[in-house]
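Descriptive structure summary
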Amino acid sequence: MDLARPDLRPDPSLSRARMEALQRDIAAAAVFADDGAPEPAAVAIDKGASLADGLPPARDDVQERLGADAGPADAESPERGRDAPTVVGVDQAFLTDRADGRPDAAVSAAVALRGGRVVEYASATTPLSIPYVPGLLAFREGEPILAALDALDADPDLLVCDGSGRIHYREAGLATHVGVLRDVPSVGVAKSLLCGEPDEPTDERPEGWRTPIRADDAVTTAEPGTVIGHAFQSRQYPNSRRVNPLYVSPGHRVSAETAVALVAALCAGYKLPEPTRLADAHAERAKRDAE
DNA sequence: GCGACAG
DNA sequence: ATCTTGTCGC
């Protein structure tokens, strides 16, 4: 999978001003409307797959400086969802230097699902370049994620990223950045809200509830009031309702409406959608194996 | 100056 | 994100 727009690479060595300028270009190139994204019904996952099922056998895939390694494809049940769209979840874990105590490297994991089954996984370990800065996450995690995606043989029909897409100061969050670079439909799934304002209070909402997130003054590239994503209550407990909602936004080639619908279809009984949950577990395991 | 701020 | 034990509830 080659870069569709190599000129928009999230180069961590850029100055802050250039990073922000690049994000405006990303937002201008992004398509926040349905254009080639899978139908939510086509990617729906009903069976809450057990976490162990998605976990591949342990293997050492840590590279010295910058590298990636793909694991073997899951051999089982090829009969189901053979022609279903390929959904790829990406997530990361971080290695901390034992003596130093400082973040050392990023471990990125990409998990490909088809018909609700894991068909492939990959991970990549890359040295950390810059610290986390709100609004510039793509410049810290972008390259590591691209490395993990490069290690994947599967061709994604949809990318599910851990972080915001259009819900961003310049409408160019991590999901949008990666989606535009690869020109692949993508959605952003964040556990907290970066900017924007929900139409209604999000506290104590029932499972399945959602409300639009509209651009506020913090979003400098959109008219205030523009719907840039949704708060979505993916999970809730019967009695003590205190699970925070997810903040879902379009990355690239999907509308805000379809983005939530896709994430809702990809949830199977847990707060996080399956692609994200599994990528989370793989990144965690790859990190553990590296220590 | 103060507050807000994905992972 | 990461550092960490118990604990409440299904």
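These figures come from a predicted structure and were not determined experimentally.

Here is what the cut-offs are and how they apply
Throughout, residues of each chain are indexed from 1 in the direction in which the sequence is written. To label them, take the chains in the order written and letter them from A, then take the ligands in the order written and number them from 1. For this predicted model, a pLDDT threshold of at least 70 governs which residues receive local features, and a threshold of 80 or more governs which side-chain atom pairs are given and counted, while totals over whole chains, interfaces and linings are taken from all residues. Only hydrogens and water are removed before side-chain values are computed, so all heavy atoms of the structure are retained for them. Working definition: residue near molecule or strand if any one of its non-hydrogen atoms lies within 4 Å of it. Polar contact criterion, stated in full: a pair of N or O atoms within 3.5 Å, where within protein one must be able to donate a hydrogen and the other to accept it, and residues adjacent in sequence count only if both atoms are side-chain atoms. In this count, Pro and Cys sit with the nonpolar residues alongside Ala, Val, Leu, Ile, Met, Phe, Trp and Tyr, while Asp, Glu, Lys and Arg are called charged and the others, Gly among them, polar. UniProt positions are given in the numbering used here, feature names are shortened, and annotations may be inferred rather than shown by experiment. Secondary structure follows DSSP: runs of H or I at least 4 residues long count as helices, runs of E at least 2 residues long count as strands, and numbering of each begins at the N terminus. The criterion used for residue contact is that any of the two residues' heavy atoms lie within 4.5 Å. Buried and open spaces are told apart on a 1 Å grid over the protein atoms alone, a cavity being a set of points where a 1.4 Å probe fits but cannot get out and a pocket being an open set with protein on both sides within 12 Å along at least five of seven lines. Residues with an atom within 4 Å of a point are the lining residues. The rule is simple: take the accessible area with a 1.4 Å probe, protein chains only, and divide by the maximum for that residue type; under 20% is buried, over 50% is exposed, in between is partly exposed. Lines fitted to C-alpha atoms define the axes, with helix axes restricted to the stretch in contact, and inter-axis angles between N-to-C directions lie between 0 and 180 degrees. Any angle from 65 to 115 degrees is called roughly perpendicular, while one under 35 is roughly parallel, one over 145 is roughly antiparallel, and all others are oblique. With the far helix as reference, a near helix turned anticlockwise by less than a right angle produces a left-handed crossing, and one turned clockwise produces a right-handed crossing. Here, nonpolar core means buried Ala, Val, Leu, Ile, Met, Phe, Trp, Tyr and Cys residues that are tied together by side-chain atoms lying within 4.5 Å of each other.

Moving on, we come to the protein's contact with DNA strand B. The full set close to DNA strand B counts 17 residues, and Tyr-132, Gly-135, Asp-162, Ser-164 and Lys-191 are the nearest of them. Close to the protein, within 4 Å, the atoms of DNA strand B belong to sugar or phosphate groups at a rate of 54%. At 3.3 Å from a base nitrogen of DNA strand B is found a main-chain nitrogen or oxygen belonging to Leu-136. The separation between a phosphate oxygen of DNA strand B and a polar main-chain atom of Lys-191 is 2.7 Å. In terms of residue class, the surface near DNA strand B is built from nine nonpolar, six polar and two charged.

Right, let's talk about the UniProt feature "site: Interaction with target DNA" (unreviewed entry) in chain A for a bit. As recorded in UniProt, the feature "site: Interaction with target DNA" (unreviewed entry) lies at Tyr-132. One can find Tyr-132 in the loop between strand 4 (117-127) and helix 4 (137-150). Discounting residues that sit within four places of it in the chain, Tyr-132 has contacts with Leu-137 and Arg-140.

Let us look at the protein's contact with DNA strand C. Near DNA strand C, the surroundings consist of Ala-93, Phe-94, Lys-191, Asn-239, Glu-284 and Lys-287. Interatomic distance of 3.4 Å between a backbone N/O atom of Phe-94 and a phosphate oxygen of DNA strand C. Between DNA strand C and Lys-191 there is a distance of 3.2 Å, counted from a phosphate oxygen to a side-chain nitrogen or oxygen. Going through the elements one at a time, strand 2 (86-96) and helix 7 (274-290) are the ones with two or more residues in the surface near DNA strand C. When grouped by side-chain class, the residues that make up the surface near DNA strand C number two nonpolar, one polar and three charged.

Next up on the list: the UniProt feature "binding site: Mg(2+)" (unreviewed entry) in chain A. Here the UniProt-annotated "binding site: Mg(2+)" (unreviewed entry) positions come out as Asp-91 and Asp-162. Sequence-wise these annotated residues cover 72 residues; spatially they are packed, their C-alpha atoms never more than 5.8 Å apart. As for the largest pocket, its lining draws on Asp-91 and Asp-162 from among the annotated residues. By the secondary structure assignment, Asp-91 is in strand 2. Looking at Asp-91, the relative accessible area reads 6%, which means it is buried. For Asp-91, the contacting residues outside a window of four places in its chain are Val-107, Ser-108, Ala-109, Asp-162, Ala-279, Asp-280 and Ala-283. The topology assignment puts Asp-162 in strand 5 (residues 158-162).

Before going further, it helps to spend a moment on helix 5 (residues 174-182). For an α-helix, the turn length of 3.6 residues means that residues three or four places apart are oriented alike. The element helix 5 is extensively covered by neighbouring structure, given that nine of its nine residues are classed as buried. Among all positions of helix 5, only Leu-174, Ala-175, Thr-176, His-177, Val-178, Gly-179, Val-180, Leu-181 and Arg-182 are buried. Taken together, the buried residues of helix 5 touch helix 1 (16-29), helix 4, strand 5, strand 6 (186-190) and strand 10 (246-252). Trailing helix 5 by a residue or two, Asp-183 shows a phi angle of about 50 degrees, which is positive.

Before going further, it helps to examine the packing of helix 1 against helix 5. The axes of two packed helices give the description: the angle between them and the distance between them. Contact pair helix 1 / helix 5: the axes reach a minimum separation of 10 Å and the direction vectors enclose 65 degrees. Taken together, the axes of helix 1 and helix 5 are roughly perpendicular relative to one another. Taken as a pair, helix 1 and helix 5 cross one another with a handedness that is left-handed. Contact residues: helix 1 offers Leu-22, Ile-26 and Ala-29, while helix 5 offers Thr-176, His-177 and Val-180. In the contact of helix 1 with helix 5, the residues fall into four nonpolar, two polar and no charged.

This brings us to unusual backbone geometry. Here Asp-183, not a glycine, exhibits a phi torsion of approximately 50 degrees, which is positive. Looking at the secondary structure, you find Asp-183 in the loop between helix 5 and strand 6. With a phi angle near 60 degrees, Arg-253 is a residue other than glycine that sits in the positive phi range. Looking at the secondary structure, you find Arg-253 in the loop between strand 10 and helix 6 (256-266).

By size, the foremost hydrophobic cluster in this structure holds 35 residues, and its most contacted members are Val-88, Val-90, Ala-110, Leu-149, Leu-152 and Val-178. Secondary-structure elements contributing two or more residues to this core are helix 1, strand 2, strand 3 (103-114), strand 4, helix 4, strand 5 and helix 5. It is helix 4 that provides the largest number of residues to this core, a total of seven residues. The residues contacting Val-90, other than those within four sequence positions of it, are Ala-109, Ala-110, Ile-145, Leu-149, Val-160, Cys-161, Asp-162 and Ala-279.

One can describe the packing of helix 4 onto helix 5 by two numbers: an axis separation of 10 Å at closest approach and a directional angle of 45 degrees. As summarised for this structure, helix 4 and helix 5 are arranged oblique, according to the angle between their axes. In this structure, helix 4 meets helix 5 at a crossing whose hand is right-handed. Across the interface between the two elements, Leu-137, Ala-138, Phe-139, Glu-141, Gly-142, Ile-145, Leu-146, Leu-149 and Asp-150 of helix 4 pack against Leu-174, His-177, Val-178, Leu-181 and Arg-182 of helix 5. Residue classes in the contact of helix 4 with helix 5 are distributed as nine nonpolar, two polar and three charged.

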